[in-house]
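So you can see what is in the structure, the chains are spelled out below.
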2 protein chains.
Amino acid sequence: MTALAPGSTIGIMGSGQLGRMLALAAARLGFKCHVYSDVAGPALDVCDRHTIAPYDDHAALTRFAGAVSVVTFEFENIPAATVEFLDRLVPVRPGAKALACAQDRINEKTLARELGAETAPFAQVDNRADLDRALAEIGTPAVLKTRRMGYDGKGQAKILAPGDADAAWATMRGQPSILEGFVAFDREVSVVAARGIDGAFRAFEVTENEHRNHILHRSVAPARLAPEAATEALETARRIAAALDYAGVFAIEYFVVTIGGREHVFVNEIAPRVHNSGHWTIDGAETSQFEQHIRAVAGWPLGSTRLKAAGAEMINLIGDDILAWERIAAEPGAFLHHYGKTEVRPGRKMGHVNRLLSKAP
Amino acid sequence: MTALAPGSTIGIMGSGQLGRMLALAAARLGFKCHVYSDVAGPALDVCDRHTIAPYDDHAALTRFAGAVSVVTFEFENIPAATVEFLDRLVPVRPGAKALACAQDRINEKTLARELGAETAPFAQVDNRADLDRALAEIGTPAVLKTRRMGYDGKGQAKILAPGDADAAWATMRGQPSILEGFVAFDREVSVVAARGIDGAFRAFEVTENEHRNHILHRSVAPARLAPEAATEALETARRIAAALDYAGVFAIEYFVVTIGGREHVFVNEIAPRVHNSGHWTIDGAETSQFEQHIRAVAGWPLGSTRLKAAGAEMINLIGDDILAWERIAAEPGAFLHHYGKTEVRPGRKMGHVNRLLSKAP
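Attention in this report is confined to the structure presented alongside it. (Residues numbered from 1 in each chain as written. Chains lettered and ligands numbered in written order. Predicted model: local features only at pLDDT ≥ 70, side-chain atom pairs only at ≥ 80, totals over all residues. Heavy atoms only, no water.)

## Here's the deal with the overall build of chain A
Working step 1: Across its full length, chain A carries 11 helices and 18 strands.
Working step 2: A compact globule built from 361 residues would reach a C-alpha radius of gyration of about 21 Å, and chain A, at 20 Å, matches this within 12%.
Working step 3: Its C-alpha atoms put chain A at 60 × 50 × 40 Å along the principal axes.
Working step 4: Counting every position in chain A, which comprises 361 residues, the buried fraction comes to 62%.
Working step 5: With an accessible surface of roughly 13,700 Å², chain A has 50% of that area assigned to carbon and sulfur atoms.
Working step 6: Positive and negative charge centroids in chain A, built from 39 and 43 side chains respectively, lie 3 Å apart. (Helix = DSSP H or I, 4+ residues; strand = E, 2+ residues; numbered from the N terminus. Rg over C-alpha atoms; globule rule 2.2 N^0.38 Å. Buried < 20%, exposed > 50% of the residue type's maximum accessible area, 1.4 Å probe, protein only. Areas by Shrake-Rupley, 256 points an atom, 1.4 Å probe, with all protein chains shown as cover. Lys, Arg positive; Asp, Glu negative; His and termini not counted. Charge placed at Lys NZ, Arg CZ, Asp CG, Glu CD.)

Given below as structure tokens:
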């Protein structure tokens, strides 16, 4: 394997803020980026080249593949057929296997279990009768979710009692679903890590995440977590990445559950991409998750993941929060990141602010 | 004065690596950039919009001015007429006054003297007879330089003895010139600082610079410099910026001269732009010089200039040096910056590498 030389062009599927921050990191290393998306987004502003076309436009995909040396993506919901099509023309990293796993909640939890990790109890629900069987097995409270394409709380329905089953199933609109037992967790943490093409593995500090309205509000590293649980979280991440023959940055979200006075980490989700809970690394780690992903997909050695201070935090700027940009810009030690989206909408991720912490949380 | 809102477009004159790093810093704050240049360069790769046209193309300049909210530049040798033309259409920061001063070695040294700073002895040389008069006044060794457009040792001729005068004058090709007395300096330092539209002033740590073949090789901060000399260097920078009603980042290069056991700083050059000796700030200061410049020209509050470690250094990657990118990428704690230039030429600035230092130099 040879490292991709600076001056080469990296293809990025998706034009959102993750693609934008990937492109900015790639530029620092001397790479050009070509964004492919079915919709215009803020990544386009920082690239000289882009393609706006549907994800099943084979002619456009073929031209795109011919213009780049490697393809990566900023979101996991790219159609599998698109990835398979591209993969015949140009290396796609991470590959179809990782995507197929992470796109499906049953697959990701099954893999985690097979590798010895803990998860919430879950059952496959393909029809209304399955839901009754699953509820009998798992009990309530539980959460019914579509197997695919859900994020930020979309495609989910709580089932507090068996009587909620009809309404919950209606929410799924007949899509293949999963019933997950409700887990009484203390807090949520994530591991953001990278695996190189050569199998090298580097993780950032375990990060503690606080959500509001199902959207990440604050991440802080290092997480408050028992050392054995942190080791377990990192080792699970390493095993999952190896099993998927992964190349690039990924995130695993965990629930922290205290059982018999001991902290356990339950795998909740695998995200095969850079992750919102890793945004603090831009200012808080020696290598940002975005540069780390570019290094990995370009076949470069992975960079140091060391914290630059005792701790670091990230606060998302959601919707109107972004209107505080002028105050944040004047705050000493606040690192403002504005995604350049001009239309403010409720729930829309508009930017974030990082701060270094002089002592661990 | 109102701060320019994210989402606005900043115009950058010049398409080199300084423009590229300005555009990357602007993107982080949510700005779009539009590069205007008479030649294609690496800044184009990181912007969605650009204009390639001569600097005297009034139609292209008018369209450019209409597409941006403010104009800045990455190099000081833009024709004064271009800046004056743009200035009637859109704010240009820093303004024509600063450019006119910095484009002319006589003007910049005269201003420095008027503000109480020390410089090498100098005299204006417009013809061969002037040169004889200047040599009689200043003596040898001395350096004859064109008043305008010189950088990296170009447009300069050493005069070690009066007999060198003819050859030196021939090198100037009749251009208005300046004879500078040779100064026996211990080392070279620079102040990279910013002045806001509101008059606020913030300087980075004084930086020590080592040149090789007239090109900057290494910068390290903080400089080895007596505290009184450092204060003098910073105060001179503050006074010069105020006198020019400056907005943006600028650099002042000084010779450090020991006279009677005491260190003096002699103003050598004023650069009305981000400066190679400030590249360490990308990884070594809480705000990079590039973000600081964008903040200043956008009317934002200036950011913290605090060092992130005990010290920081930058090594330029000139010509073939860039071929070591793979080794540097694998070095823990090395921050590689590759400008994405594909053609390697001797003397060409291809990238740089920053490192943090655990103790002051």
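## Some points on helix H10 (residues 289-297) of chain A
Working step 1: Of all nine residues making up H10(A), nine are buried, and the element is well covered by its neighbours.
Working step 2: Listed as buried for H10(A) are A:Gln289, A:Phe290, A:Glu291, A:Gln292, A:His293, A:Ile294, A:Arg295, A:Ala296 and A:Val297.

## As for the environment of B:Arg105
Residue and element names in this part refer to chain B.
Working step 1: Take Arg105: it is sitting in helix H5 (residues 105-114).
Working step 2: Arg105 gets classed as buried once you look at its relative accessible area, which sits at 5%.
Working step 3: Each C-alpha atom of the pair Arg105 and Ala298 lies 29 Å from the other, and the pair is 193 residues apart in sequence.
Working step 4: Here the side chain of Arg105 touches Thr146 through a polar contact of 2.9 Å, landing on its backbone oxygen. (Polar contact = N/O pair within 3.5 Å; in protein donor to acceptor, adjacent residues only side chain to side chain.)

## So, the environment of B:Asp45
Working step 1: Relative to the elements of secondary structure, B:Asp45 occurs in the loop between strand E2 (32-37) and strand E3 (49-52).
Working step 2: A relative accessible area of 12% places B:Asp45 in the buried class.
Working step 3: Note: C-alpha distance between B:Asp45 and B:Tyr339 (294 residues apart in sequence) is 10.0 Å.
Working step 4: For B:Asp45, the residues in contact, after removing those within four places along its chain, are A:Lys32, A:Val46, A:Cys47, A:Asp48, A:Arg49 and B:Arg20. (Contact = heavy atoms within 4.5 Å.)

## Observations concerning the relation of the copies chain A and chain B
Working step 1: The transform that puts chain A on chain B rotates by 180 degrees and translates by 0.0 Å along the axis, for an RMSD of 0.0 Å. Taken together, the rotation and translation describe the operation of a two-fold axis.
Working step 2: Same-surface contact between copies: 100% of interface residues of chain A are shared with the interface of chain B. (Least-squares fit on C-alpha atoms with pLDDT ≥ 70 in both.)

## What about the packing of helix H6 (residues 128-138) of chain A against helix H7 (residues 165-172) of chain A?
Helix packing geometry: the angle between the two helix axes and the distance between the axes.
Residue and element names in this part refer to chain A.
Working step 1: At a minimum axis distance of 11 Å, the contact between H6 and H7 shows a crossing angle of 130 degrees. Here H7 runs oblique to H6, going by the angle between their axes. Like other packed secondary-structure pairs, H6 and H7 cross with a definite hand, here right-handed. Contacts from Arg128, Leu131 and Leu135 in H6 reach Ala165, Asp166 and Trp169 in H7.
Working step 2: Residues that form the contact of H6 with H7 fall into these classes: four nonpolar, no polar and two charged. (Axes fitted to C-alpha atoms, helices over the stretch in contact; angles between N-to-C directions. Parallel < 35°, antiparallel > 145°, perpendicular 65-115°, else oblique. Left-handed = near helix turned anticlockwise from the far one by under 90°. Nonpolar A, V, L, I, M, F, W, Y, C, P; charged D, E, K, R; others polar.)

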